[in-house]
Amino acid sequence: MYTLEDIQKPDGASIGAGGGLNNEVIIMLEDDVDTIPERGTDLITMTGNITMKSGKFMHKIYGTPKTLEPTLKKIKGDNSDITAFEVGLKFFHPGLAAAILSFMAKHSGSKFYLILRNCASSVQYFLGEKCNPIMADEFESIWGKGLTEGKGTNFTFLGQQTVPYAIYTGDLVLESDASGSGSPS
């Protein structure tokens, strides 16, 4: 049982406004992750580093600006002793290049962990939890009829977990950083 605490209004201007997310999603395969740090006593903060298996890295997927839509919803179980949250992310990736088509072909059944970076606050949100990743729920590619209609893929990732998103304060282990500086970002 947890003690109830005051929750004050957060500091800052326009704190309830949406947006502010970078246009890239950090994604990692569950099978490539060696360890995920435990959450703190607040059940939200992850202060340790995610470690990847040897030769494995986190990767980026670009999403068109203003299309990233993280979701978090408390869901009901079949009795009052069950608590769970549905977490997810929707976004649009432009074009139908070979890289994105290959990703869909290879990973339509893969299990992932995602990190979303809030550009304005530098907060990183972790979706999924240890031994409970999320999956690509839907890929829907479109090819508009005119120049002002989209061509690309709408992605939806969904999962269920026992607690809300985590706030991840650890390092990112990106392949693009390893090929350049050799250190995590």
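Residues numbered from 1 in each chain as written. Predicted model: local features only at pLDDT ≥ 70, side-chain atom pairs only at ≥ 80, totals over all residues. Heavy atoms only, no water.

1. A few points about the overall build of the protein chain
Each helix and strand counted, the protein chain has two helices and 12 strands in total. Compactness check: the protein chain gives a C-alpha radius of gyration of 18 Å against a globular reference of 16 Å for 185 residues, within 12% of the reference. A principal-axis box enclosing the C-alpha atoms of the protein chain has dimensions of 55 × 40 × 40 Å. The 185 residues of the protein chain split such that 34% are buried. Long-range contacts, defined as pairs at least 24 residues apart, comprise 67% of the intrachain contacts of the protein chain with a sequence gap of at least 6. Of the roughly 11400 Å² that the protein chain leaves accessible, carbon and sulfur atoms contribute 53%. (Helix = DSSP H or I, 4+ residues; strand = E, 2+ residues; numbered from the N terminus. Rg over C-alpha atoms; globule rule 2.2 N^0.38 Å. Buried < 20%, exposed > 50% of the residue type's maximum accessible area, 1.4 Å probe, protein only. Contact = heavy atoms within 4.5 Å. Areas by Shrake-Rupley, 256 points an atom, 1.4 Å probe, with all protein chains shown as cover.)

2. Quick look at the packing of aromatic side chains
Enumeration over the complete set of coordinates arrives at 10 aromatic pairs. Measuring from ring centre to ring centre gives 6.2 Å for F91 and F157, while their planes differ by 10°; the resulting arrangement is stacked. Of this pair, F91 sits in strand β7 (residues 83-94) while F157 sits in strand β11 (residues 151-161), placing them 66 residues apart in sequence. Grouping residues by exposure puts F91 and F157 together as buried. Between F103 and F155, the aromatic rings sit 6.1 Å apart at their centres with planes inclined by 65°, giving edge-to-face as the arrangement. (Phe/Tyr/Trp six-rings, centres within 6.5 Å; stacked < 30°, edge-to-face > 60°.)

3. Overview of helix α1 (residues 98-107)
All buried positions along α1 are accounted for by I100, F103, M104 and H107. Taken end-on, α1 shows its buried residues confined to a sector of 100°, consistent with a single buried face. Exposed residues on α1 whose side chains face more than 90 degrees from its buried face are A98, A105 and K106. As for α1, its buried residues are in contact with β1 (21-29), β5 (59-62), β7, β8 (111-118), β10 (134-143) and β11. (Arc of directions from axis to C-beta.)

4. Re the pattern of salt bridges
If charged atoms from side chains of opposite charge come close, those side chains can pair. As enumerated under the stated definition, the model contains three salt bridges in all. In this structure, E24 and R117 form a salt bridge, with 2.5 Å as the shortest nitrogen-oxygen distance. Of this pair, E24 sits in strand β1 while R117 sits in strand β8, and the two are 93 residues apart along the sequence. Residue K130 is joined to E38 by a salt bridge in which the shortest nitrogen-to-oxygen separation is 3.0 Å. Of the two residues, K130 sits in the loop between β9 (124-127) and β10 while E38 sits in the loop between β2 (33-35) and β3 (45-46), which places them 92 residues apart along the sequence. (Salt bridge = Lys/Arg side-chain N within 4 Å of Asp/Glu carboxyl O.)

5. Quick notes on the nonpolar core
Formed by 20 residues in total, the largest nonpolar core has its most connected members in F91, L114, L127 and F157. Sequence-distant contacts of L114, that is, excluding residues within four places in its chain, are made with V25, I26, I27, L89, Y125, F126, L127, I134 and F157. (Core = buried A, V, L, I, M, F, W, Y, C linked by side-chain atoms within 4.5 Å.)

6. Some points on unusual backbone geometry
Positive phi values are uncommon outside glycine, yet L43 reaches one of about 70°. For C131, which is not a glycine, the phi torsion comes out positive at approximately 65°. Within the fold, C131 resides in the loop between β9 and β10.

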